[in-house]
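Now for the letters of each chain:
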Amino acid sequence: MIIKELEKYRKFFTEYTELRIQENRNTRISLVKGDVMSNNRSSEGGVSARVYKDGSWGFASDPVISDEIVKKVINTATDNAVFLSSKQQDKKSELISRKASLSKDFTTTKPKKSQKEMIEFLKEIDDHIIEKYPDLTSRAITLAALDMEKTLITSDESYSYSMIPRCLVYLVLTLVKDGKPYDLFQSYGGFGQFEDNFDDPAVLFDGIRTQYEHLVNKADGIYAKAGMHDVIMDAELAGILAHEAIGHTTESDIVKGGSVAADYMNKKAASEIVNLVDFANEAFGQICPVPVFVDDEGTLAQDAVIIKDGVLQSYMNNKDTALYFGHELTGNARAYRFNDEPLVRMRNTAILPGTCKLEDMIASIEDGYYLMKSYNGQADSTSEFMFGVQLGYEIKNGKLGKAIKDTTISGVAFDVLKSVSMVSDDMSWDCSGMCGKKQPIPVGMGGPAIKCRVNIGGK
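Participant: Go over the layout of surface pockets with me, naming the residues and quoting the values.
Facilitator: The gaps of empty space that remain are located by a probe, the size of a water molecule, rolled over the atoms. Space inside the largest pocket adds up to approximately 1,100 Å³. Glu236, Asp430, Cys431, Ser432 and Met445 are, among the 47 residues lining the largest pocket, the residues nearest its centre. Counting residues per element, the ones that place at least two in the lining of the largest pocket are strand E6 (159–177), strand E7 (180–191), helix H5 (235–247), strand E11 (286–287), strand E17 (367–379), strand E22 (428–430), strand E23 (434–435) and strand E25 (444–447). Tallied by class, residues from the lining of the largest pocket come to 23 nonpolar, 18 polar and six charged. Reported here for the second largest pocket is a volume of approximately 330 Å³. Considering the residues around the second largest pocket, the lining is formed by 23 residues, among which Arg25, Arg41, Lys112, Asp147 and Gln193 are closest to the centre. Across the lining of the second largest pocket, the residue classes break down as eight nonpolar, six polar and nine charged.

Participant: Quick rundown of the side chain of Lys319? Include the residues and the values.
Facilitator: You can see Lys319 is positioned in helix H7 (residues 319–325). When its relative accessible area of 1% is taken as the criterion, Lys319 is described as buried. Side-chain polar atoms of Lys319 contact the side chain of Tyr16, separated by 2.7 Å. Sequence-distant contacts of Lys319, that is, excluding residues within four places in its chain, are made with Tyr16, Leu95, Ile96, Ser97, Asp156, Glu297, Thr299 and Leu329.

Participant: Before we move on, could you go through the pairing of strand E18 (residues 384–396) and cite the residues and values that matter?
Facilitator: The side chains of a regular strand alternate, first on one face of the sheet and then on the other. Within E18, 10 of the 13 residues are buried, which leaves the element mostly enclosed by the surrounding structure. Here E17 pairs with E18 via 11 bridges, running antiparallel. Among the inter-strand pairings, Tyr369 is bridged to a residue of E18, identified as Glu394. Both E18 and strand E20 (residues 407–412) contribute to a ladder of six bridges, which runs antiparallel. Bridged to Val389 within E20 is Thr407. Two strands pair when backbone bridges link them, and E18 and strand E19 (residues 399–404) are joined in this way by four bridges, in the antiparallel orientation. Bridging across to E19, Ile395 finds its partner in Leu400. Hairpin connection from E18 to E19: two residues lie between these consecutive antiparallel strands, with Asn397 at a positive phi of about 50 degrees.

Participant: Residues and numbers for the nonpolar core, please.
Facilitator: Core analysis: the biggest nonpolar cluster contains 51 residues, and Met233, Leu241, Ile307, Phe385, Ile409, Leu417 and Ile450 have the highest contact counts within it. At the level of elements, strand E5 (138–154), strand E8 (227–233), H5, strand E12 (304–308), E17, E18, helix H9 (413–418) and strand E26 (450–456) are the ones that each hand at least two residues to this core. The element best represented in this core is H5, accounting for seven residues. Listed in part, the 41 residues of the second largest apolar core include Leu136, Ala145, Ile365 and Met372.

Participant: Tell me about the sheet that holds E12, and please be specific about residues and values.
Facilitator: With mixed pairing, six strands are arranged side by side in an open sheet as E13-E12-E9-E16-E25-E22. Each edge of the open sheet is held by one strand with a lone partner, namely strand E13 (311–312) and E22. Here E22 runs beside E25; their pairing, made up of three bridges, is antiparallel. Across the sheet, Asp430 pairs through a bridge with Met445, a residue of E25. Where H5 meets the sheet, it contacts strand E9 (276–279), E12, strand E16 (348–351), E22 and E25, and its direction lies at approximately 125 degrees from that of E25.

Calculation notes
By convention here, each chain's residues receive numbers from 1 onward along its written sequence. Whole-chain, interface and lining totals are the exception, using all residues; otherwise, since this is a predicted model, local features are given only for residues with pLDDT of at least 70 and side-chain atom pairs are given and counted only at 80 or more. Hydrogens and water are ignored here; the side-chain numbers use all heavy atoms of the structure. Method remark: on a 1 Å grid restricted to protein atoms, a set of points is classed as a cavity if a 1.4 Å probe fits but cannot get out and as a pocket if it is open with protein on both sides within 12 Å along at least five of seven lines; lining residues have an atom within 4 Å of a point. Grid points are joined across faces, edges and corners, and a volume is the space filled by probe spheres set on the points. Note on conventions: DSSP H or I runs of at least 4 residues are helices, E runs of at least 2 residues are strands, and numbering of each starts at the N terminus. Amino acids outside the nonpolar list (Ala, Val, Leu, Ile, Met, Phe, Trp, Tyr, Cys, Pro) and the charged list (Asp, Glu, Lys, Arg) are all regarded as polar, and Gly is one of them. With a 1.4 Å probe rolled over the protein chains alone, any residue whose accessible area is under 20% of its type maximum counts as buried; one over 50% counts as exposed, and the rest are partly exposed. Here a polar contact means two N or O atoms within 3.5 Å. Within protein one must be a hydrogen donor candidate and the other an acceptor candidate, and residues neighboring in sequence count only if both atoms are side-chain atoms. Contact between two residues is taken to exist if any of their heavy atoms lie within 4.5 Å; hydrogens are not considered. What makes two strands pair is DSSP finding at least two bridges between them. Nonpolar cores were defined as sets of buried Ala, Val, Leu, Ile, Met, Phe, Trp, Tyr and Cys residues, with membership established by side-chain atoms within 4.5 Å. Convention adopted: a line fitted to C-alpha atoms gives each axis, helices being fitted over their contacting stretch, and angles between N-to-C directions are expressed from 0 to 180 degrees.

So this is what it looks like as structure tokens:
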């Protein structure tokens, strides 16, 4: 448990100041074919201060936490800001703010499991796979848990304490067919600690059976035909499109640097049935996979409606970019480690559900593909993207056909979103990855299935 009471340090603030104490605790255990290949637990923490003066920021941090060190960190950050502002010709206005005072602790209320018990949990899963699916040639199981605990105060009277956990099990199954290996990756779990996600190995068994069946279909499958096709992107692909190709282009610091999104503000950027939101902490009455209640600048977080009825409505902002663009604060300033400065980051970015049934969407395609699972992906500030696809099926005359082997999809995201003609009435979230914009950070991404046109890479 980190220090929650920071008020005694407020007397050292002489300019706009953010003071943050943070600890990240990581657990990672990996099994390959039943052998424990890694078993690590680590924690990293310290104190940081960031100070603003006349348009310039000063930052300082230290892994040691004591009254003397905290005072020194505040003074160093202040000196840095004062020095940099003295070199600045164009003085900026005062920062805007939206005060917050919140405490959110999502530590499990169940009895804590030891690392030995976590290994036994993974071994039970491995034993189940050996028994049920003996034709698999390899299996790799990884448990990854992260607790991020932070206390923050700011000179504009904001206070926040949070303990936000995430725990995932990653499973890779491998099957050899005609001398060639085929893999299929799946993640399980999400928001919450180990005890909240995995109280019994059996909770994963149905998912593992489905994963295995798809892998067998993939090994017996065909290669997709290269070229433009009508496709159904299922939730995972729609989510990564929302995050990588649209979300990053509408992060305001990227816009400030020249993102194509600036050309679309208040203009048609997608089909009128497309709505895209970066949720702060709740969506559809449920907590999001990566909830942010107060950001790392002390701003009370709120949802950022990026695309509404196909029109680009807003960017995601921190205090600096909200001042620059004259926009409302959204609470998107996030830092991963104690010694990281907050950047404009997504939280839980998703395309909203529509009104169509998935079976009707598939039935509407004469010759195309149903794309289900991605692996990796990248996009740039023009919204041009390329994602790997590790699972999908061909669609022939409105019905699912054979599975397809690994392929890629590519295009310009805004053009792809303009081609969306159907959106399913359900959605799902994924938070298995870490976004890598200068600092890694957990994010949520999600969506419904969307019918659109996209370029498929083929074999």
